[in-house]
Amino acid sequence: MNILITGSKGNIGTYLCTVLSKSHVIYGLDKTELNITNKIATEKTLNKLKPDAVIHTAAITNKHICEYNESLAYDVNTVGTLNIARCCNSLNIPLVYLSSTDVYGDIKSSPYSEIDECTPINAYSKSKLGAEELIQTICEKYFIVRTSTIFGGNDCFVRKIINGKHTAIYLFSNPTLSITYIEDLTLVLQKLLATDKYGIYNYTNEGCLSKSMLINSILEFSNLNVPLIINSDKLLSNLIKEPKYTCVNNTHIKNSLGIEIPSWDDRLKDYINKCL
């Protein structure tokens, strides 16, 4: 299969290009090679390459940047995805879109399923949901994968904590979330592309944890003696509205693909062992 991967210089895009190139022909394009906000340029590139599928990872994911530059967030995350979606539909090829569990918002304290209403509360998640809605309107063939806190590869938050020279780590919010190992996510994306079971899917590793538990687990598994200080500074914690709970139910994707999903702690240990 010939697969175009957008955002190829990001951590996720880089990993996908490396792993998928072992069994597919990969066109990995970064923002200097494919400006997804330019409709004409995007059409020219995709019509020239004529891929069999697109995995769309290009996005502004920094929530602070999105909140204080909403026009950029919507331009890249929403309009850019619109341009990709139009091309995929025109070429009659599937689009794999990496979305976020943040799109669900902050209305539940139990795992979200794909049929739950989405009420995003910040610019980042609103721009991602806007992209989802455009894909569903335009494309006949799409896989929207709502995932969260992806770790793995060469440039993720786990590796930065391990390699950092921290005297202490400060935490200003402590939401409950799920995390996703990039190796498991990549396998699932390949399995989805081998089917025609189009639609919206949740996918994270199994289990919920608080952000403080995540950081403490990284420190423990890495044998790092660094204190974690949970600070209730309201000014810093309220700069951006973030959901207090974003865990999801993975039943739909497990049943659709006939898979089991590893637990977050087993996969986090595996990755940290590889790093060390």
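Just so it is clear, the model here is predicted, and its values are computed rather than measured. (Residues numbered from 1 in each chain as written. Predicted model: local features only at pLDDT ≥ 70, side-chain atom pairs only at ≥ 80, totals over all residues. Heavy atoms only, no water.)

A. How the structure looks around the packing of helix α2 (residues 39-49) against helix α4 (residues 70-91). Where α2 meets α4, the axes come as close as 9 Å, and the angle between the chain directions of the two elements is 35 degrees. When you trace α2 past α4, the crossing you get is right-handed. On α4, the residues touching K39, T42, E43, L46 and N47 of α2 are N83, I84, R86, C87 and L91. A per-class count over the contact of α2 with α4 returns four nonpolar, three polar and three charged. (Axes fitted to C-alpha atoms, helices over the stretch in contact; angles between N-to-C directions. Helix = DSSP H or I, 4+ residues; strand = E, 2+ residues; numbered from the N terminus. Left-handed = near helix turned anticlockwise from the far one by under 90°. Contact = heavy atoms within 4.5 Å. Nonpolar A, V, L, I, M, F, W, Y, C, P; charged D, E, K, R; others polar.)

B. Region of the structure containing the pattern of salt bridges. Across all of its chains, the model carries 12 salt bridges by this definition. With a shortest N-O distance of 3.6 Å, D106 and K244 are connected by a salt bridge. Placement of D106 in the loop between β4 (95-100) and α5 (123-138) and of K244 in the loop between α9 (234-237) and α10 (251-257) is noted, with a sequence separation of 138 residues between them. With a relative accessible area of 29%, D106 lands in the partly exposed category. E132 is paired through a salt bridge with R146; the nearest N and O atoms lie 2.6 Å apart. Taken together, the residues span a long stretch of sequence, with E132 in helix α5 and R146 in strand β5 (residues 142-147) at a distance of 14 residues. The class for R146 is buried, based on a relative accessible area of 3%. (Salt bridge = Lys/Arg side-chain N within 4 Å of Asp/Glu carboxyl O. Buried < 20%, exposed > 50% of the residue type's maximum accessible area, 1.4 Å probe, protein only.)

C. A look at unusual backbone geometry. Positive phi is not limited to glycine here, since N92 has a value of about 60 degrees. One can find N92 in the loop between α4 and β4. The backbone phi angle of N223 is positive, close to 60 degrees, even though this residue is not glycine. Considering the arrangement of structural elements, one finds N223 in the loop between α8 (211-221) and β12 (228-230).

D. Up close: the sheet that holds strand β10 (residues 199-202). If you walk across this open sheet you meet the six strands as β2-β1-β3-β4-β5-β10, and the pairing is parallel. Across the chains shown, the open sheet's two edge strands, defined by having one partner strand only, are β2 (25-29) and β10. Geometrically, the sheet is characterised by an average inter-axis angle of 20 degrees between neighbouring strands, direction not taken into account. Examined bridge by bridge, β4 and β5 share six bridges and lie parallel to one another. Pairing of L98 across the sheet is with V145, part of β5. Set on the sheet, α2 makes contact with β1 (2-6), β2 and β3 (53-56); between it and β2 the angle comes to about 165 degrees. Where α5 meets the sheet, it contacts β4, β5 and β10, and its direction lies at approximately 155 degrees from that of β4. (Pairing = 2+ DSSP bridges.)

E. Broad picture of the state of the cysteines. In this structure the tally under the stated criterion is zero disulfides. With no disulfide of its own, C87 has C88 as its nearest cysteine by sulfur position, at a separation of 7.0 Å. Considering cysteine sulfurs only, C275 is the nearest to C156, which forms no disulfide, with 6.4 Å between them. (Disulfide = S-S within 2.5 Å.)

F. Local environment of the side chain of S212. By secondary structure assignment, the location of S212 is in helix α8. In terms of polar contacts, S212 uses its side chain to reach the side chain of S210, at 3.0 Å. In this view, S212 contacts L171, N174, L228 and I230; residues no more than four positions away in its chain are not counted. (Polar contact = N/O pair within 3.5 Å; in protein donor to acceptor, adjacent residues only side chain to side chain.)

G. Structural detail: the pairing of β3. Every second residue of β3 is oriented toward a common face, with A53 and I55 on one face and V54 and H56 on the other, all of them buried. Direction of pairing for β1 relative to β3: parallel, over a ladder of four bridges. Its bridge partner lying in β3, I5 is registered against I55. Across three bridges, the pairing between β3 and β4 is parallel. Across the sheet, residue H56 finds its bridge partner in β4, namely Y97.

H. Layout of the pairing of β2. Two elements, β1 and β2, share five bridges in a ladder whose sense is parallel. The residue bridging L4 from the neighbouring strand is Y27, located in β2. A crossover links β1 with its parallel partner β2, the connecting element being helix α1 (residues 11-20), and its sense is right-handed. (Right-handed = clockwise from strand over helix to strand, strands pointing away.)

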